[in-house]
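Descriptive structure summary
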Amino acid sequence: MLSLTPSDLQAIWLSFKVATTATLITLPVGFAVAWVLAFSRIRWKPLLDGLINLPLVLPPVVIGYMLLLLLGRQGPLGELFNALGFQIIFTWRGAVVACSVIGLPLMVRSIRLGMEQIDLQLIHASRTLGAGFFDTLLSLVLPLSIPSLVTGGTLCFARSLGEFGATIILAGNIPGLTQTIPLAIYDYTNTPGGETGALSLCLVSIVISYLVLITNEIIMRRSVHGLRKVS
């Protein structure tokens with residue numbers, strides 16, 4: 001039986017808030033990077049590809065520490081944000097940044113796979129008929145990439161819900177402020193008698209992840225069905 005405290009409910013709400021914000025921020029960035037990797041002919045494409053996928057192979061705590069050096073008070077970007085009165089580290093915004101960086105590779109890989117399935121002759125025909133870059137992007141590439149966008153968004157959202165290493169380094173583990181579900185479970189496992197709370201949050205995580213997967217499957221089926229009708 002679930003036993004959730006007000007602090008647990010706050011952690012669940014914050015996890016949704018952080019994951020949703022990170023996904024919305026990552027979507028346009030992931031789409032732009034996927035476009036470059038799928039269609040451009042720039043020479044440094046392998047370097048960009050390796051840089052984007054680096055968070056997949058590095059320990060999350062390494063990513064978190066590098067972000068801390070970059071966004072900390074003595075960091076190059078940290079000084080700029082402090083001058084603007086905008087704090088990143090040890091706030092929920094820091095959790096969003098950590099989740100965005102960790103989830104970006106999954107977003108890019110999913111969207112890129114979808115874009116690479118697009119027939120290049122369609123793009124060439126669109127440009128030949130006089131459509132500009134943005135016309136082709138909005139009327140052709142974007143609609144055909146909807147299934148991969150949904151998949152990428154789902155993966156990024158799910159990864160953000162479970163992100164731990166980079167978040168605890170950059171945002172800390174402050175109950176009610178930066179404590180997400182994984183951080184709350186970590187606290188429970190280090191507290192005598194916290195097994196019930198940890199198990200309750202684990203069950204909540206499983207239910208949320210399952211609902212996210214089901215929602216992704218439904219949206220994917222409807223998107224593919226709609227594209228087939230159009231074609």
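The paragraphs below set out a description of the structure included in this document. (Residues numbered from 1 in each chain as written. Predicted model: local features only at pLDDT ≥ 70, side-chain atom pairs only at ≥ 80, totals over all residues. Heavy atoms only, no water.)

1. Points about the overall build of the protein chain
Heads up, the rule is: Working definition: helices are DSSP H or I runs of at least four residues, strands are E runs of at least two. Numbering for both runs from the N terminus. The rule is simple: take the accessible area with a 1.4 Å probe, protein chains only, and divide by the maximum for that residue type; under 20% is buried, over 50% is exposed, in between is partly exposed. Each accessible area is a Shrake-Rupley estimate made with a 1.4 Å probe; only the visible protein chains count as cover when residues are assessed.
Each helix and strand in the protein chain was counted, giving 11 helices and 0 strands. Going from N to C terminus, the protein chain has its helices and strands arranged as α-α-α-α-α-α-α-α-α-α-α. Counting only C-alpha atoms and orienting by the principal axes, one finds that the protein chain spans roughly 70 × 45 × 30 Å. The buried share of the protein chain, taken over its 231 residues, is 40%. When the accessible surface of the protein chain is summed, it comes to about 13100 Å², and 68% of that surface belongs to carbon and sulfur atoms.

2. Here we look at the side chain of Thr167
Threshold: Any two residues having at least one pair of non-hydrogen atoms within 4.5 Å are treated as being in contact.
Note that Thr167 resides in helix α9 (residues 165-170). Residue Thr167 is classed as buried on the basis of its relative accessible area of 1%. Setting aside chain neighbours within four positions, we find Thr167 in contact with Ala95, Ala98, Cys99, Gly172 and Leu183.

3. Details of unusual backbone geometry
Of note in this structure, Phe90 is not a glycine but carries a positive phi near 60°. A relative accessible area of 40% places Phe90 in the partly exposed class.

4. Digging into the pattern of salt bridges
Filter applied, for reference: Any Lys or Arg side-chain nitrogen found within 4 Å of a carboxyl oxygen on Asp or Glu counts as a salt bridge.
The full count for this structure, using the stated rule, is 2 salt bridges. Between Arg112 and Asp49 there is a salt bridge, with the nearest N and O atoms lying 3.3 Å from each other. Taken as a pair, Arg112 in helix α5 (residues 92-115) and Asp49 in helix α2 (residues 45-57) lie far apart in primary sequence, 63 residues in all. Note that Glu116 is salt-bridged to Arg112, the shortest N-O span being 3.0 Å. Take Glu116: its relative accessible area is 40%, and that puts it in the partly exposed class.

5. Let's talk about the nonpolar core
Under the convention used in this document: Put simply, a nonpolar core is a bunch of buried Ala, Val, Leu, Ile, Met, Phe, Trp, Tyr and Cys residues held in one set by side-chain atoms that sit within 4.5 Å of each other.
Phe31, Ile52, Val108, Ile111, Met115 and Val141 are the most contacted members of the largest nonpolar core, which totals 19 residues. Those elements that provide at least two residues to this core are α1 (6-39), α2, α5, α7 (133-144) and α8 (146-161). Aside from chain neighbours lying at most four places away, what touches Val141 is Phe31, Trp35, Phe39, Met115, Ile118, Ile123 and Thr136. If you look at the next biggest cluster of nonpolar residues, it comprises 14 residues, including Ala11, Ala184, Ala198 and Leu201.

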